[in-house]
Amino acid sequence: MKKISPALIIAILFSLISCSQTKTSESFTAMNTFMTVSLYSFSVKKAGVVCSQIQNRIQELEEILSTTLPDSDVYYINHNKKFPDPLKPELLELLRFSSNMYIKTDNKYNPALYPVIREWGFTTENYKVPSNQRISELLLHTDYSALCDSDFAANVPIKDEMELDFGAVGKGYAADQAVRILEENGIKSALLDFGGNIQTIGKKPDGSLWRVGIKNPWTGDAACALSVESKAVVTSGGYERFFEDDKGNRYIHIFDPKTGRPSQSNLESVTIISTSGTYADCLSTALFVMGKDSAIKWWKENSDINFDFILITKDKELIYSAGIKDFIEPLYQFESVEIVTR
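For the structure given in this document, a descriptive report is provided here.

Reading the values: the criteria
Residues numbered from 1 in each chain as written. Predicted model: local features only at pLDDT ≥ 70, side-chain atom pairs only at ≥ 80, totals over all residues. Heavy atoms only, no water. Axes fitted to C-alpha atoms, helices over the stretch in contact; angles between N-to-C directions. Helix = DSSP H or I, 4+ residues; strand = E, 2+ residues; numbered from the N terminus. Parallel < 35°, antiparallel > 145°, perpendicular 65-115°, else oblique. Contact = heavy atoms within 4.5 Å. Nonpolar A, V, L, I, M, F, W, Y, C, P; charged D, E, K, R; others polar. Buried < 20%, exposed > 50% of the residue type's maximum accessible area, 1.4 Å probe, protein only. Pairing = 2+ DSSP bridges. Expected span 1.5 Å × (residues − 1). Polar contact = N/O pair within 3.5 Å; in protein donor to acceptor, adjacent residues only side chain to side chain. Phe/Tyr/Trp six-rings, centres within 6.5 Å; stacked < 30°, edge-to-face > 60°. Lys NZ or Arg CZ within 6 Å of the ring centre and 35° of its normal. Salt bridge = Lys/Arg side-chain N within 4 Å of Asp/Glu carboxyl O. Left-handed = near helix turned anticlockwise from the far one by under 90°.

1. Structural notes on the packing of helix α9 (residues 277-290) against helix α10 (residues 292-301)
Next, step 1: At a closest axis distance of 6 Å, the pairing of α9 and α10 adopts a crossing angle of 130°. Comparing their axes, α10 and α9 come out oblique. Where α9 approaches α10, its residues L283, L287 and M290 are matched on the opposing element by K292, S294, A295 and W298.
Next, step 2: Taken together, the residues of the contact of α9 with α10 sort by class into five nonpolar, one polar and one charged.

Set out below in structure tokens:
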């Protein structure tokens, strides 16, 4: 009788184990977006419990971070001009994170820009182009550096007219919290889609990498495909949300904090790949505002933050960092493709 090699036996066993796992998917709406949790588990009952834990956790976060829910902590800050007592640890974590990233990105990430964004109608869908004078007035109240040295103690006042909004990091932070729940419950394979913010846990059940498509800004299908394991993949693009005035001018939802206007950078989209959903969410916006050259420079100068990037420019260039060169596949005929190294 012909002997079966140990390697083949391991492969067969792994295949059998993978196939015995059942996929469980649940979708819900939270943080003003549609979210889907898909996980693989040996127990359907346990998978259902884990999905419920994630949904409950995200709803808890929304009740802390929402700018519109009257009982949320952020709503309290914006309307009472002081921090609540007690200050919840999740909010304190994001306040400290924001202080660090506000400084590191030279204000390209600014959680105090809410009054400006609201004036343009992106939180109310009552879109309009504010006057230059109105924009200048509102920008006076968006200096988050006033909080960067704060200890964020309860009842400490903030400047009149300042309002906070963690929309640029909220979904990424929620995804990180969901990953923690999955890991605590021993889930080794899962895929989260939080309104386009993708978070992968481990590999697919068959041992292969997850394959994530990066949207083509011009055609709507995939511009490239990315293979990842245990990574957040977050894209910010001007094509996602915008409005046009009666002259056909387009105004996107990504704002330049220094001008108080929609970003005019030379980028169509920025994708960040990181183990941290919070960092990925934050940096996809900040690097978009920076524009191509400054975004590349910032990546080179900030090696303490472990992330890779994909830039798609208005000139139909594809530019990405060397860390993903073996895991990316262009699916569109770009004018040029560039790999950036540190």
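2. Side note on the pairing of strand β5 (residues 210-215)
Next, step 1: What you see with β5 is a clean split: W210, V212 and I214 sit on the buried side and R211, G213 and K215 on the side with no burial.
Next, step 2: Note: β5 against strand β6 (residues 222-228), six bridges, orientation antiparallel. Its bridge partner being in β6, R211 is matched across the sheet by S227.
Next, step 3: Linking β5 back to β6 in an antiparallel pair, the connection comprises six residues, with G220 at a positive phi of about 90°.

3. Observations concerning α9
Next, step 1: Over its 14 residues, α9 extends 20 Å from the first C-alpha to the last, a length consistent with the 20 Å expected when each residue adds 1.5 Å.
Next, step 2: Within α9, 13 of the 14 residues are buried, leaving the element largely enclosed by the surrounding structure.
Next, step 3: Taking the backbone nitrogen of T278 as reference, a side-chain oxygen 3.3 Å away marks S276 as the first, capping residue of α9.
Next, step 4: Once α9 finishes, G291 follows within two positions and takes phi at roughly 90°, a positive value.

4. Quick notes on the packing of aromatic side chains
Next, step 1: Scanning the entire structure with this criterion turns up 16 aromatic pairs.
Next, step 2: Judged by centre distance (5.6 Å) and plane angle (25°), the ring pair of W218 and Y332 falls under stacked. Here the residue W218 occupies a position in the loop between β5 and β6, and Y332 occupies one in the loop between β15 (328-330) and β16 (336-340), the gap between them amounting to 114 residues.
Next, step 3: By relative accessible area, which is 24% here, Y332 ends up partly exposed.
Next, step 4: Within the aromatic cluster, the residues linked to one another by ring pairs are W120, F122, Y127, F243, Y251 and F255.
Next, step 5: The positively charged end of R250 is found above the aromatic ring belonging to F242, 3.8 Å away from the centroid.
Next, step 6: Stacked on the ring of W218, the Lys or Arg K316 has its end atom at 5.3 Å from the ring centre.

5. What about the pattern of salt bridges?
Next, step 1: Counted under the stated rule, the structure contains 15 salt bridges.
Next, step 2: For D106, the salt bridge identified is with K258, shortest N-O distance 3.0 Å. Note that D106 is positioned in the loop between α4 (89-104) and α5 (114-120) and K258 in the loop between β10 (255-256) and β11 (261-262), a separation of 152 residues in sequence.
Next, step 3: A salt bridge links R118 to E163; the nearest nitrogen and oxygen atoms lie 2.8 Å apart. Of this pair, R118 sits in helix α5 while E163 sits in the loop between α7 (145-148) and α8 (170-184), placing them 45 residues apart in sequence.
Next, step 4: Residue classification places R118 among the partly exposed residues on the basis of a relative accessible area of 31%.
Next, step 5: Classification of E163 by relative accessible area gives buried; the value is 10%.
Next, step 6: Residues joined by salt bridges that share partners form a network here, namely E119, K128, R134 and E137.

6. Thoughts on the packing of α4 against α9
Next, step 1: Following both chains from N to C, one finds α4 and α9 inclined at 45°, their axes separated by 12 Å at the closest point. Between α4 and α9, the crossing angle belongs to the class labelled oblique. As α4 packs across α9, the resulting crossing turns out to be right-handed. Contacts between α4 and α9 involve L94, F97, N100 and M101 from the first element and T278, Y279, C282 and L283 from the second.

7. Looking at unusual backbone geometry
Backbone geometry follows two general trends: most residues other than glycine have a negative phi, and most peptide bonds adopt the trans configuration.
Next, step 1: In this chain, D85 is followed by P86 through a cis amide linkage whose omega measures 5°.
Next, step 2: Of note, P86 is situated in the loop between α3 (73-80) and α4.
Next, step 3: Despite not being glycine, N32 has its phi angle at roughly 60°, a positive value.
Next, step 4: Tracing the chain through its elements places N32 in the loop between β1 (22-30) and β2 (33-41).
Next, step 5: Relative accessible area serves as the criterion here: at 77%, N32 is assigned to the exposed category.
Next, step 6: A positive phi angle, near 75°, is found at N107, a position not held by glycine.
Next, step 7: With respect to the element layout, N107 can be found in the loop between α4 and α5.
Next, step 8: The exposure class of N107 is buried, given its relative accessible area of 14%.

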